[in-house]
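Given next are the chains, with one letter for each unit.
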Amino acid sequence: QVRLVESGGGLVEAGGSLRLSCAASGSILSINAMGWHRQAPGKQRELVALFSRSGSTNYADSVTGRFNISRDNAKRTVYLQMNSLKPGNTAVYYCNADIYDSSTYHRRTYWGQGTQVTVSS
């Protein structure tokens, strides 16, 4: 069984920073891309940032220059450093990972349970 567990969300004032973490555990053969999505109330889930296995990164236009995604393969963990936060960044943030499950030898995308980020004005 594969699990993704997020941490680091919370309440912060506009202009502040937060760092999210997401650790993968369980029957993992290998991990390809890892990333972060978010869903604000009444809106669809959207991509925030993606970190490929090769090391390339991709960001939503709205967070480029303010957010930074990083990854520690040894710890099977992906991070999202969020700076200069705005009230519009308020959402539930979900990590996801493309994983080969060693118990099934199947590859699929797994999701964390989500962590709330609230930015006050």
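Residues numbered from 1 in each chain as written. Predicted model: local features only at pLDDT ≥ 70, side-chain atom pairs only at ≥ 80, totals over all residues. Heavy atoms only, no water.

J.: Please give an account of the packing of aromatic side chains that cites residues and values.
T.: Within this structure, the stated rule accounts for 0 aromatic pairs. Across the ring face of Tyr 79, the terminal group of Arg 19 is positioned such that the distance to the ring centre comes to 4.1 Å. (Phe/Tyr/Trp six-rings, centres within 6.5 Å; stacked < 30°, edge-to-face > 60°. Lys NZ or Arg CZ within 6 Å of the ring centre and 35° of its normal.)

J.: Explain the side chain of Ser 21 to me, using residue names and the numbers behind them.
T.: Mapped onto the fold, Ser 21 is located in strand β3 (residues 18-26). Every residue in contact with Ser 21, bar those within four places of it in the chain, is listed here: Val 5, Glu 6, Ser 7, Trp 36, Val 78 and Tyr 79. (Helix = DSSP H or I, 4+ residues; strand = E, 2+ residues; numbered from the N terminus. Contact = heavy atoms within 4.5 Å.)

J.: Lay out the environment of Asn 68 with the relevant residues and their values.
T.: For Asn 68, the location among the structural elements is in strand β7 (residues 67-72). Asn 68 sits in the partly exposed class, given a relative accessible area of 42%. A C-alpha to C-alpha distance of 5.7 Å links Asn 68 and Leu 80, two positions 12 residues apart in sequence. Beyond its immediate stretch of four places on either side in the chain, Asn 68 contacts Tyr 59, Tyr 79, Leu 80 and Gln 81. One polar contact links Asn 68 to Tyr 59, side chain to side chain, over a distance of 3.3 Å. (Buried < 20%, exposed > 50% of the residue type's maximum accessible area, 1.4 Å probe, protein only. Polar contact = N/O pair within 3.5 Å; in protein donor to acceptor, adjacent residues only side chain to side chain.)

J.: Let's hear about the state of the cysteines: which residues, and what values?
T.: Counting across every chain of the model gives 1 disulfide. Put simply, Cys 22 and Cys 95 are joined by a disulfide, and their sulfur atoms are 1.9 Å apart. Here the residue Cys 22 occupies a position in strand β3, and Cys 95 occupies one in strand β9 (residues 91-101), the gap between them amounting to 73 residues. On the accessibility criterion, Cys 22 (1% relative accessible area) is buried. (Disulfide = S-S within 2.5 Å.)

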